[in-house]
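Given next are the chains, with one letter for each unit.
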Amino acid sequence: MTGTVPFGFFALALTVTSCLAAISEVKTNNPVTQKPGRFLSLPVAQKCSQRPKEFTYKGRNYFYSGHTQQYKTSKVDWLEARNICREYCMDLVSIETQEENNLIFRLIQQNDAPYIWTSGRLCDFKGCENRPDLEPKTVNGWFWSATRGKISATNQTSAGWTYIPWSKSGHKKTPQPDNAEFDINGTVESCLSVLNNVYGDGIAWHDIGCYHEKPFVCEDSDELLSYVAATNPGLQL
Ligand SMILES: *[C@@H]1O[C@H](CO)[C@@H](O)[C@H](O)[C@H]1NC(C)=O
Ligand SMILES: *[C@@H]1O[C@H](CO)[C@@H](O)[C@H](O)[C@H]1NC(C)=O
Ligand SMILES: [Ca+2]
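What counts, and where the lines are drawn
Residues numbered from 1 in each chain as written. Chains lettered and ligands numbered in written order. Predicted model: local features only at pLDDT ≥ 70, side-chain atom pairs only at ≥ 80, totals over all residues. Near = placed C-beta within 6 Å. Nonpolar A, V, L, I, M, F, W, Y, C, P; charged D, E, K, R; others polar. Pairing = 2+ DSSP bridges. Helix = DSSP H or I, 4+ residues; strand = E, 2+ residues; numbered from the N terminus. pLDDT = per-residue confidence, 0-100. Contact = placed C-beta atoms within 7 Å.

Looking at an unreviewed UniProt entry, the protein carries the name C-type lectin domain-containing protein, with the source organism given as Acyrthosiphon pisum.

Following this line, the structure appears as structure tokens:
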């Protein structure tokens, strides 16, 4: 699940414009679940410098919100979770490999976390139209917002993996993603959460309505760290 197919409309230079242009991403499709006037946060240099570093994997720092003093009991919607991470020069976790997935599953298991937000997002907003490569959306329409890397087809075991991380069950007792809440009341399940046995299905990936409030895992953002490093010479990151 590597980021080999960049999403062209997000492929922007590492300048402040990338932060600003990324804002367009937030104007998502679903007026029912999206509060108006909410934007992606820019990094805050001092917070980046003092960001929580719970563990490191492949040179990037991570933290689980439940392990910080400030967010110990916080549950927030998907965009709020991204923005909390982004002020620290991080973003919600992007799970590109099975090894990284095992690390996140273990973190959830060992801490008995009920669920967490990841940066996974369905490309179902403006800019995602007329993209045959993303069809059918439920199979090929998912990507990691933090890195803009494509998520492999949801219905088969990807190269380098020995299992499908998406749950085989859920509200409708069918494999994920199932967009189940859409059938209930028209809310699209556009965000990717790892749930801990909520449907008797073990720890596994689910598509979930982005308005749900959950704890979260942040991961260093190369892009935001580079930007803050370049604009704050000498800052310890
Ligand atoms: C996955 O979905 C695609 C697109 O609908 C389909 O062509 C393919 O056969 C499916 N693969 C499996 C293993 O079900
Ligand atoms: C849709 O249904 C879910 C589950 O019952 C509920 O929590 C949510 O508030 C509903 N959303 C709307 C927009 O009615
Ligand atoms: Ca679902």
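Draft legend 1. View of the site of ligand 1. Near ligand 1 you find Pro136, Val139, Ala153, Asn155 and Gln156, and these make up its full shell. Looking at the shell around ligand 1 residue by residue, the classes come out as three nonpolar, two polar and no charged.

Draft legend 2. Representation of the sheet that holds strand S7 (residues 191-196). A sheet is described by the order of its strands in space; here five strands give the open sequence S6-S5-S4-S7-S8, paired in antiparallel fashion. Of all the strands in the sheet, just strand S6 (149-150) and strand S8 (203-208) have a single pairing partner and so form its edges. Two strands pair when backbone bridges link them, and S7 and S8 are joined in this way by six bridges, in the antiparallel orientation. Bridge pairing in S8 links Ser193 to His206.

Draft legend 3. Region of interest: the confidence of the model for the protein. When pLDDT is averaged along the protein, the result is 88; 84% of the residues meet or exceed 70. This stretch, residues 1-33, has a pLDDT under 50; its non-local contacts, to residues over four places away or in other chains, come to 55 contacts.

Draft legend 4. Representation of the pairing of strand S2 (residues 60-64) in the model. Sheet topology note: the strand S1 (residues 55-57)/S2 ladder contains three bridges and is antiparallel. In the sheet register, Tyr57 faces S2, and the bridge partner there is Arg60. From the end of S1 to the start of S2, which pair antiparallel, there are two residues, and Lys58 there has a positive phi angle of about 50 degrees. Two strands pair when backbone bridges link them, and S2 and strand S9 (residues 217-220) are joined in this way by three bridges, in the antiparallel orientation. By the bridge assignment for S9, Phe63 is matched with Cys218.

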